[in-house]
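Fold and geometry: a report
Here's the letter readout for the chains.
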Amino acid sequence: MTVRLEVADGVGTLRLDRPPMNALDIATQDRLKELAEEATRREDVRAVVVYGGEKVFAAGADIKEMQAMDHTAMVLRARGLQDAFTAVARIPKPVVAAVTGYALGGGCELALCADYRIAAEGAKLGQPEILLGLIPGAGGTQRLARLIGPSKAKDLIFTGRMVKADEALAMGLVDRTVPAAEVYEQAHAWAARLAQGPALALRAAKESIDTGLETDIDTGLAVERNWFAGLFATEDRERGMRSFVEEGPGKAKFR
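Let us look at the structure shown here.

Reading the values: rules and limits
Residues numbered from 1 in each chain as written. Predicted model: local features only at pLDDT ≥ 70, side-chain atom pairs only at ≥ 80, totals over all residues. Heavy atoms only, no water. Helix = DSSP H or I, 4+ residues; strand = E, 2+ residues; numbered from the N terminus. Buried < 20%, exposed > 50% of the residue type's maximum accessible area, 1.4 Å probe, protein only. Contact = heavy atoms within 4.5 Å. 1 Å grid on protein atoms, 1.4 Å probe; cavity = no way out; pocket = protein on both sides within 12 Å on 5 of 7 lines; lining within 4 Å. Points joined across faces, edges and corners; volume = space filled by probe spheres on them. Nonpolar A, V, L, I, M, F, W, Y, C, P; charged D, E, K, R; others polar. Disulfide = S-S within 2.5 Å.

Another point: the overall build of the protein chain. Counting its regular elements, the protein chain contains 11 helices and 9 strands. If you line up the protein chain on its principal axes, its C-alpha atoms span 65 × 40 × 35 Å. Across the 255 residues that make up the protein chain, the buried fraction comes to 43%. Across the protein chain, contacts joining residues at least 24 apart in sequence account for 69% of those joining residues at least 6 apart.

Before going further, it helps to spend a moment on empty space enclosed by the protein. Using the criterion set out here, one finds 1 cavity of 30 Å³ or more in the structure. Considering only enclosed or pocket space, the largest cavity measures out at about 80 Å³ in volume. Forming the walls of the largest cavity are Leu24, Ile26, Gln29, Ala61, Asp62, Glu65, Met66, Met69, Met74, Arg77 and Leu81. For the lining of the largest cavity, the secondary structure elements donating two or more residues are helix H1 (26-41), helix H2 (63-67) and helix H3 (71-89). A total of 3 residues in the lining of the largest cavity trace back to one element, the largest contributor, which is H3. When the residues that make up the lining of the largest cavity are grouped by side-chain class, the tally is 7 nonpolar, 1 polar and 3 charged.

Using the criterion set out here, one finds 0 disulfides in the structure. You can see Cys108 has no disulfide; the closest cysteine sulfur is in Cys113, sitting 10 Å from it. When its relative accessible area of 1% is taken as the criterion, Cys108 is described as buried. A relative accessible area of 3% places Cys113 in the buried class.

Time to look at unusual backbone geometry. In this structure, the amide linkage connecting Pro19 to the following residue, Pro20, adopts the cis form with an omega of 5 degrees. Inspection of the secondary structure assignment puts Pro20 in the loop between strand E2 (11-16) and H1. In the Ramachandran plot, Asp9 falls in the positive-phi region, its phi being about 55 degrees despite a non-glycine side chain. Relative to the assigned elements, Asp9 resides in the loop between strand E1 (3-8) and E2. Even without being a glycine, Asn22 presents a positive backbone phi close to 55 degrees. For Asn22, the position within the fold is in the loop between E2 and H1.

Another aspect to go through is the environment of Lys55. With respect to the secondary-structure elements, Lys55 resides in the loop between strand E3 (47-51) and H2. On the basis of relative accessible area, Lys55 is assigned to the exposed category, the value being 76%. When neighbours within four sequence positions are excluded, Lys55 is seen to be in contact with Thr100 and Gly101.

Here's what the structure looks like:
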């Protein structure tokens, strides 16, 4: 399998495994969508790590496969391409990308689907589609601009240049850089910590933030308000408040 879902201690790892560069061909895209939807459904998955292995995250789409496609073929495929990545973005649980080596084109777009990105100090990221006479087609023009702002996104997309991890950190494309040997360990630790948190409240927080970014503030506030009030019906809210009153902050044990 080109993508696997490995689950342990509440953390699901979506592991890309298509050597040598984890090129995201159609079969890999479809498998990614299938497993992202499985991670969404499974109650034993409470947080997710997206990982390409020790050497490379994903170097992009399978160019040879795309070269053989004409306009009609891509019209029929483009929605499936976006849907695969959107399935990762819409996992209603905390998602962290563990980026090693290259995250280019579709690989960068996949990292953009995570809530948080931890990159190796030697990692390189970018959207080089313009060098092929194309633009990003798996969400790059939309998610990148929302993450780092339109001018920085246009610089990367217009030029197709790669950025090293330190520049990616400075522009907000990644959130933390660590030695390459620690990338997965730290990403897993981030996910494992959140896997112990209140699952429904985390889902509410993610949906409120993501929805708010896509709409006007009044609609975003309505989503927040409904989730906030709704969480008062949960056992986790009762546990959290009782623990705070009796033991102090940060000691609640959630189910």
